[in-house]
Every structure is written in structure tokens, then in C-alpha cells.
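# Results of the structural survey
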Amino acid sequence: MDTYLYYISYSDTDFKSQEKSLETLRTAGFRVNPLIEKASTIEDAISYCRILETKRETLDYEIDGVVLKVNSFTQQRELGSTTKHPRWAIAFKFTAKQATTRLKDIVIQVGRTGTLTPVAILEPVQVGGVTVSRATLHNFDELKRKDIRIDDMVLVERSGDVIPQVVKSIIEKRTGKEKARVIPRKCPVCGSDVIRTLDE
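Just so we're clear, the structure is a prediction, and the values are computed from it rather than from any experiment. Residue positions are counted from 1 within each chain, in the order its sequence is given. Only residues with pLDDT of at least 70 get local features here, since the model is predicted, and only at 80 or more are side-chain atom pairs given and counted; chain-wide, interface and lining totals rely on the full set of residues. Neither water nor hydrogens contribute to the side-chain values; these are computed over all heavy atoms in the structure.

To qualify as a helix, a DSSP run of H or I must reach at least 4 residues; to qualify as a strand, a run of E must reach at least 2; elements of each kind are numbered from the N terminus. If you tally the helices and strands in the protein, you get 4 helices and 7 strands. Reading the helices (α) and strands (β) of the protein from amino to carboxyl end gives α-α-β-α-β-β-β-β-α-β-β. C-alpha atoms define the radius of gyration in this analysis, and the globule rule sets the expected value at 2.2 Å times the number of residues to the power 0.38. Computed over the C-alpha atoms, the radius of gyration of the protein is 23 Å, more than 25% above the 16 Å expected from 2.2 N^0.38 for a compact globule of 200 residues. The dimensions of the protein, computed from C-alpha atoms along their principal axes, are 65 × 35 × 35 Å. Summary of the burial criterion: residues with accessible area below 20% of their type's maximum are buried, those above 50% are exposed, and those between are partly exposed, where the area comes from a 1.4 Å probe applied to protein chains only. The buried share of the protein, reckoned over its 200 residues, is 31%. The criterion used for residue contact is that any of the two residues' heavy atoms lie within 4.5 Å. The contacts of the protein with a sequence gap of at least 6 include a subset with a gap of at least 24, amounting to 53%. Carbon and sulfur atoms make up 53% of the accessible area of the protein, which amounts to about 13800 Å² in all. The averaged location of the 28 negative side-chain charges in the protein is 4 Å from the averaged location of its 32 positive side-chain charges. Per-residue and other accessible areas follow the Shrake-Rupley method at a 1.4 Å probe size, with only the shown protein chains counted as cover for residues. In this tally, Asp and Glu contribute negative charge and Lys and Arg positive charge; neither His nor the terminal groups of the chain are included. In this description, the location of a charge corresponds to atom NZ of lysine, CZ of arginine, CG of aspartate or CD of glutamate.

Next up, the structure:
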């Protein structure tokens, strides 16, 4: 398996910067991404992210963005972290890849807690190198808000370049045959009554 290394989690060498640690990895024979760049200003960093976004289709691996890091390890320690994320790094996410296709049906998926979720059954379409034939519609409120109907032409994207979702219906392509999906009164698995609790 091929991989690029971006970080040394432990070493008895006192590296002063991200740049120096990556040079050490490269010298030791590890694969370090050749597209890594050092920027002097935030404007330069954003400009480089935009350049990489235009090159993403030419790469032989998938990327959905760039991680920007403070180079100095001393400054990284000073900035610290929240309970979930470092304050010295941020992800610059690229625009999600999108495609247009027909929504053939809306089926109801029953989750492990009994929650009913509408799922779009699509004419298969390529989105970012992956064939997508199903996509989440999140919930019935979202389905109503977006006015997504069976037989609509829809815009589909992979959220975070991973999870397929229907972004919107393309209303100008409607023919009049499209049908709204109603909330079922009975569970499609066990047949019991569907109950909607407040704020859910």
C-alpha cells in the first residue's frame, strides 16, 4: 500500500518545525508529498489551495482539501488545542464534486433506533470517480424544504467527497409527472404506527 507521511508523532530529536520534520522523513526514505509548500502569508496559502483545487483531477489519488499548519512547533504548543482540534491547523475544503441525474424513487430506511429516513434511488451517475445510485435525503423536513420529488432531475454531490446527498431538484426540468413522497403512516418493516415526537 502506498502512503504519504505528514507528521512525526514521537521522536527523540527536538524538531523546531513541521518543515524540518518532513525533511527528516524524506531523508530517511519515507514518502512525503511533493506538493507540500511553505507559505509566508495567509493570502499565499489560500492562493496555493486554489491552485491545488484546479489540479485535483490530474492527481493519481483523491483529495478533498488541504490542511494548513503553523510551521513552528513552539508556536503550535503556544496555540494549543481544543478538546477536539488543534488551534494551529485548519482544513481548506475544496468544492464538492457534483453531477446531475434522475431520482427514480424515494424509499424509506429504518435505522437501528427505529427512525425513518428517506433515501433517494438514483439513475447511476459518476460523482468524483465513484458510481452513485443511492443518496441520503436526511429527513422528511429537509425533503419538503427542498421540494424533492420522485422522477425529478436532481443535483447530487458527495459531502466531504464521501457521503452522497441530493443537493436540490432542478425545477426547470420538471415535466409534471413528478410525485411528492409522503411520510408513511406505517413502519415499512414491522407495520406499527409511525409516531412523530415534538422537535424530531
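Moving on, there is more to tell.
Right, let's get into the side chain of Gln165. Within the secondary structure, Gln165 is located in strand 7 (residues 163-169). Among the residues examined, Gln165 registers a relative accessible area of 15% and is labelled buried. Among the polar contacts made by the side chain of Gln165, one reaches the side chain of His138 at a distance of 2.9 Å. Any N or O atom pair separated by 3.5 Å or less is treated as a polar contact, with the protein-specific requirement of one donor-capable and one acceptor-capable atom, and with residues adjacent in sequence counted only for side-chain atom pairs.

So, on to the pattern of salt bridges. By salt bridge we mean one thing: a side-chain nitrogen of Lys or Arg within 4 Å of a carboxyl oxygen of Asp or Glu. Taken as a whole, this structure holds 15 salt bridges when the rule is applied. As a salt-bridge pair, Glu57 and Lys97 come within 3.5 Å of each other at their nearest N and O atoms. Of this pair, Glu57 sits in the loop between helix 2 (42-55) and strand 1 (65-69) while Lys97 sits in the loop between strand 2 (89-93) and strand 3 (98-110), and the two are 40 residues apart along the sequence. A relative accessible area of 13% places Lys97 in the buried class. The shortest N-O distance in the salt bridge between Asp193 and Lys186 comes to 2.5 Å. Given the relative accessible area of 47%, Lys186 is considered partly exposed.

It is worth spelling out the nonpolar core at this point. Throughout, nonpolar core names a set of buried Ala, Val, Leu, Ile, Met, Phe, Trp, Tyr and Cys residues whose side chains join them through atoms within 4.5 Å. If you look at the biggest cluster of nonpolar residues, it comprises 19 residues, and the most contacted ones within it are Leu103, Ala120, Leu122, Leu137, Ile148, Val154 and Val166. Going through the elements one at a time, strand 3, strand 4 (116-127), strand 5 (130-136), helix 4 (140-146) and strand 6 (153-159) are the ones with two or more residues in this core. Not counting chain neighbours up to four residues away, the residues in contact with Leu103 comprise Ala120, Ile121, Leu122, Ile148, Arg149, Ile150, Asp151, Asp152 and Val154. Grouped together as the second largest cluster of nonpolar side chains are 8 residues, Cys49, Leu52, Ile63 and Phe94 included.

Aromatic rings from Phe, Tyr and Trp, with only the six-membered ring used for Trp, were paired whenever their centres fell within 6.5 Å, and each pair was classed as stacked if the ring planes differed by under 30 degrees, edge-to-face if by over 60, and tilted otherwise. Scanning all chains against the criterion turns up 2 aromatic pairs. Ring centres 5.7 Å apart and planes at 70° place the aromatic pair Tyr4 and Tyr61 in the edge-to-face group. Of the two residues, Tyr4 sits in the segment before helix 1 (18-27) while Tyr61 sits in the loop between helix 2 and strand 1, which places them 57 residues apart along the sequence. Overall, Tyr61 belongs to the partly exposed group, its relative accessible area being 25%. Between Phe92 and Phe94 the ring centres are 6.5 Å apart and the planes differ by 70°, which places this aromatic pair in the edge-to-face class.

Tracing the backbone through its elements, the reader meets Asn33 in the loop between helix 1 and helix 2. Among the polar contacts made by the side chain of Asn33, one reaches the main-chain amide nitrogen of Leu35 at a distance of 2.7 Å. Polar contacts involving the side chain of Asn33 include one to the side chain of Tyr61, which spans 3.0 Å. Among residues more than four places away in sequence, those in contact with Asn33 are Tyr4, Tyr6, Arg26 and Tyr61.

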